[in-house]
Amino acid sequence: MDWVGEEVFPLIRIVDYGVGNNQAFLTLFKRLGLRAERATSPLDLKDATRLILPGVGHFDHAMKSLNNSGMRSELERKVCDEKVPVMGICVGMQMLSASSEEGKTPGLGWIPGEVKAFSNNPLTANLAMPHMGWNDLAVSSEALLFSKGFEKSPQFYFLHSYYFDARDKEDVVATANYGIDFDVVVSRGNVHGVQCHPEKSHHWGLQLIRNFAEHS
């Protein structure tokens, strides 16, 4: 049994479709005293009041794994119909887009945008890949995920070669610079995406997760 913490609310479900470091998030939620459980079937998703969509590796592999998990329909119902807050992390954020230059499989399309390769941009093509390590974030003053407990320029840990390019920049609440300014955190209604790794980002990552759990 994966239940951690003693809080009755919220119940955070980590979508376990075989891609992503789910145990790291369970450990993080335990540190925060928040109740978190894996979701491995549509039934597991029905009682969720928050959702985490993790992801690592190749975009097409992640999307195909989610599509084959049997959970996509119920996940879309929870997010699109019930408006349950969801946060995609790393490749999980990229899956919120319509498409990716990394593959041909369509994304979820919950936040309009496209995932692009740093290597395809002449301003970043000669930089070391992946973009790995700590980077400062430039955060919107009205960003919900940063609404409490953050100084002016928080630092987060990154490991990626592709980035989310939001079509509507009103959806972008934080950016970072790696040769270009790129979108790091996006929010559109109840849907949030984070390219960096909060589970590896010390107190900044803990605070972002807490803000998502308490205020989304």
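Computed from a predicted model, the values in this text were never measured in an experiment.

1. Here we look at the nonpolar core
Generally speaking, a soluble globular protein has its nonpolar side chains buried in company with each other.
So, point 1. In this structure, Phe29, Met95 and Phe146 are the most contacted members of the largest nonpolar core, which totals 67 residues.
So, point 2. Here this core takes six residues from helix 6 (residues 202-215), the largest share from any one element.
So, point 3. With residues near it in sequence (within four places) discarded, Phe146 still touches Leu137, Val139, Pro154, Phe156, Ala174, Val185, Leu208 and Asn211.

2. Some words on helix 4 (residues 72-81)
So, point 1. Turning to helix 4, its buried residues number three or more, namely Glu74, Leu75, Lys78 and Val79. End-on, the buried residues of helix 4 take up no more than an arc of 125 degrees, which puts them together on one face. Opposite the packed face of helix 4, turned more than 90 degrees from it, sit the exposed residues Ser73 and Asp81.
So, point 2. In this fold, the buried residues of helix 4 make contact with strand 1 (11-15), helix 2 (42-45), strand 3 (50-53), helix 3 (59-68), strand 4 (86-89) and strand 13 (191-194).
So, point 3. Lys83 sits one or two positions beyond helix 4 and adopts a positive phi of about 60 degrees.

3. Remarks on the layout of surface pockets
With a probe scaled to a water molecule rolled over the atoms, the places where space remains empty come into view.
So, point 1. A volume near 180 Å³ is recorded for the largest pocket.
So, point 2. Around the largest pocket sit 13 residues that line it, and Gly57, Cys90, Val91, Leu159 and His160 are the ones nearest its centre.
So, point 3. Among the elements of the structure, helix 5 (91-94) and strand 9 (155-160) are those that each provide at least two residues to the lining of the largest pocket.
So, point 4. Residues that form the lining of the largest pocket fall into these classes: six nonpolar, six polar and one charged.

Quick notes on the rules
Residues numbered from 1 in each chain as written. Predicted model: local features only at pLDDT ≥ 70, side-chain atom pairs only at ≥ 80, totals over all residues. Heavy atoms only, no water. Core = buried A, V, L, I, M, F, W, Y, C linked by side-chain atoms within 4.5 Å. Buried < 20%, exposed > 50% of the residue type's maximum accessible area, 1.4 Å probe, protein only. Helix = DSSP H or I, 4+ residues; strand = E, 2+ residues; numbered from the N terminus. Contact = heavy atoms within 4.5 Å. Arc of directions from axis to C-beta. 1 Å grid on protein atoms, 1.4 Å probe; cavity = no way out; pocket = protein on both sides within 12 Å on 5 of 7 lines; lining within 4 Å. Points joined across faces, edges and corners; volume = space filled by probe spheres on them. Nonpolar A, V, L, I, M, F, W, Y, C, P; charged D, E, K, R; others polar.

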